[in-house]
Amino acid sequence: MLHTLRHSPWQCDMATLMRTLQEGDDLLLLSDGVTAAVVGSHYLDLLLAAPITVHALQEDVDARGLSGQISNRIVLVSYTDFVSLTVKHTAQIAW
């Protein structure tokens, strides 16, 4: 399943999101959701402990001036990569 997080993790039910994640899922951080990927964030630690791949939309990271603060364990993706993730996963959920 593809999960997309477009809201700040401080304004989202992250506990429910974390319980919903399954092994092999992908999570795409976009809009304010990219703040979850900042090094030292409690939310980053939670996401990296999950059996998923975490992606962040490069344009949203750049737009928020966070390029140098995003964990190197997060896969930065383009809009083309975003489309590829939607093709890969027939089921999606937006947070």
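Before reading further, recall that the structure is shown in the block above.
Residues numbered from 1 in each chain as written. Predicted model: local features only at pLDDT ≥ 70, side-chain atom pairs only at ≥ 80, totals over all residues. Heavy atoms only, no water.

**A look at the nonpolar core**
Stage number 1. In this structure, Leu 5 and Leu 29 are the most contacted members of the largest nonpolar core, which totals 23 residues.
Stage number 2. Elements represented by at least two residues in this core include exactly α1 (14-20), β2 (26-29), α2 (42-49) and β3 (53-57).
Stage number 3. Ignoring anything within four residues of it in the chain, the contact list for Leu 29 reads Leu 5, Val 34, Ala 36, Ala 37, Leu 47, Val 54, His 55, Ala 56 and Leu 57.
Stage number 4. By size, the runner-up hydrophobic cluster in this structure holds seven residues, among which are Leu 2, Leu 28, Leu 30 and Leu 85. (Core = buried A, V, L, I, M, F, W, Y, C linked by side-chain atoms within 4.5 Å. Buried < 20%, exposed > 50% of the residue type's maximum accessible area, 1.4 Å probe, protein only. Helix = DSSP H or I, 4+ residues; strand = E, 2+ residues; numbered from the N terminus. Contact = heavy atoms within 4.5 Å.)

**Digging into the pairing of strand β1 (residues 2-5)**
Stage number 1. Along β1, one buried face is formed by Leu 2 and Thr 4 and the opposite face, lined by His 3 and Leu 5, is buried too.
Stage number 2. By the bridge criterion, four bridges tie β1 to β2 in an arrangement that is parallel. Across the sheet, the residue bridging to Leu 2 is Asp 26, located in β2.
Stage number 3. Note: β1 against strand β5 (residues 92-94), three bridges, orientation parallel. The residue of β5 that forms the bridge with Leu 2 is Gln 92. (Pairing = 2+ DSSP bridges.)

**So, the packing of aromatic side chains**
Stage number 1. Applying the stated criterion to the full structure yields one aromatic pair.
Stage number 2. Where Trp 10 meets Tyr 43, the ring centres are 5.1 Å apart and the plane angle is 90°; that geometry is what we call edge-to-face. One end of the pair, Trp 10, is in the loop between β1 and α1; the other, Tyr 43, is in helix α2, and 33 residues separate them in sequence.
Stage number 3. The class for Trp 10 is exposed, based on a relative accessible area of 55%. (Phe/Tyr/Trp six-rings, centres within 6.5 Å; stacked < 30°, edge-to-face > 60°.)

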